[in-house]
Amino acid sequence: KTIGFIGLIPLLWSVVPLVSTIRTGFINVFKTERNAGIFREKLIDFLTVLILLLLFIGLVGGQILYATALGDYLAQKSGFLGALNDVVPPLAGALFLALFFMVFSPVRLEWWNILVSAIFTAGLWSVVRPLFVAFLQYNPDYGFAFGSLKAVFVLVVWIYYTFAVILFGTELLANIRRREAL
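Residues numbered from 1 in each chain as written. Predicted model: local features only at pLDDT ≥ 70, side-chain atom pairs only at ≥ 80, totals over all residues. Heavy atoms only, no water.

1. A short note on the nonpolar core
Across soluble globular proteins, nonpolar side chains show a tendency to be buried alongside one another. For clarity, the cut-off: To qualify as a nonpolar core, a set must consist of buried Ala, Val, Leu, Ile, Met, Phe, Trp, Tyr and Cys residues joined through side-chain atoms within 4.5 Å. For each residue, the accessible area found with a 1.4 Å probe, counting protein chains only, is set against the maximum for its type, and the residue is called buried under 20%, exposed over 50%, and partly exposed in between. For the purposes of this entry, the term helix denotes a DSSP run of H or I that reaches at least four residues, the term strand denotes a run of E that reaches at least two, and both are numbered from the N terminus. A contact between two residues is defined here by any heavy atoms of the two lying within 4.5 Å.
Counting 26 residues, the largest nonpolar core has Phe26, Phe30, Leu97, Phe100, Phe101 and Phe104 as its most contacted members. Of all elements in the fold, only helix 1 (2–30), helix 2 (38–76), helix 3 (80–104), helix 4 (111–138) and helix 5 (150–178) reach the threshold of two or more residues within this core. Of all the elements, helix 1 adds the most residues to this core, at eight residues. Once residues within four sequence positions are removed from consideration, Phe101 is found in contact with Phe26, Ile114, Ser117, Ala118, Thr121, Ile166, Gly169, Thr170 and Leu173.

2. As for helix 5
What counts is decided by this rule: Take the residue count of a helix, subtract one, and multiply by 1.5 Å to get its expected span.
With 29 residues, helix 5 ought to run about 42 Å at 1.5 Å a step, and its terminal C-alpha atoms sit 42 Å apart, in line with that. The complete set of buried residues in helix 5 reads Val154, Val157, Thr162, Val165, Ile166, Gly169, Thr170, Leu172, Leu173, Ala174, Asn175 and Ile176.

3. Observations concerning helix 4
In a regular helix each residue adds 1.5 Å, so 28 residues correspond to 40 Å; helix 4 covers 41 Å between its end C-alpha atoms and thus fits that length. Taken as a whole, helix 4 has its buried residues at Asn113, Ile114, Ser117, Ala118, Thr121, Ala122, Val128 and Phe132.

4. Some points on the packing of aromatic side chains
Which entries qualify depends on this criterion: Side-chain rings of Phe, Tyr and Trp (the six-membered ring for Trp) are treated as a pair once their centres are within 6.5 Å; stacked means planes under 30 degrees apart, edge-to-face means over 60, and tilted covers the remaining angles.
In total, this model carries twelve aromatic pairs according to the counting rule given. Seen from their ring centres, Phe26 and Phe104 are 5.8 Å apart, and the 35° between their planes marks the pair as tilted. With Phe26 in helix 1 and Phe104 in helix 3, this residue pair connects regions lying 78 residues apart in the sequence. You can call Phe26 buried: its relative accessible area is 4%. These aromatic residues form a ring-pair network of at least three members: Phe26, Phe30, Phe56, Phe96, Phe100, Phe101 and Phe104.

Encoded structure:
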């Protein structure tokens, strides 16, 4: 148990630069300034890492629960319950994104701003995923030059597209908040 706890600290500390970069991106998008000192910023980054990991654990736990219990049941039904099978995963993604936006936002936001941006981002995510899969199906040699690292290259490209969608949703959230033309 002690080794597991000791290993958790470097794990959390290694995620701090990612979280700090995401927070900096949000600060730049919302055009705010950092007022806290360096120790307070690091504490906020560390707490944000913990919240982000809890969000991911909740998302994965929800997906496992949905896949094992609810998904099969809804897939067998027709009508309203069958339609829920198509609606629940995007809504879970929108809920995750809303919590993500709340955690990383450097300003106070109204709930409807977060909701609109999260639903739009989840919808865009739902569109990008099948397009990426179709692109890989029709172009199976994509990343051929990378040899055995093709899977790593494709994974990095997917992560890039995912963060581009999240950044677009963040821009939408900031512009809705400022009531600017999108």
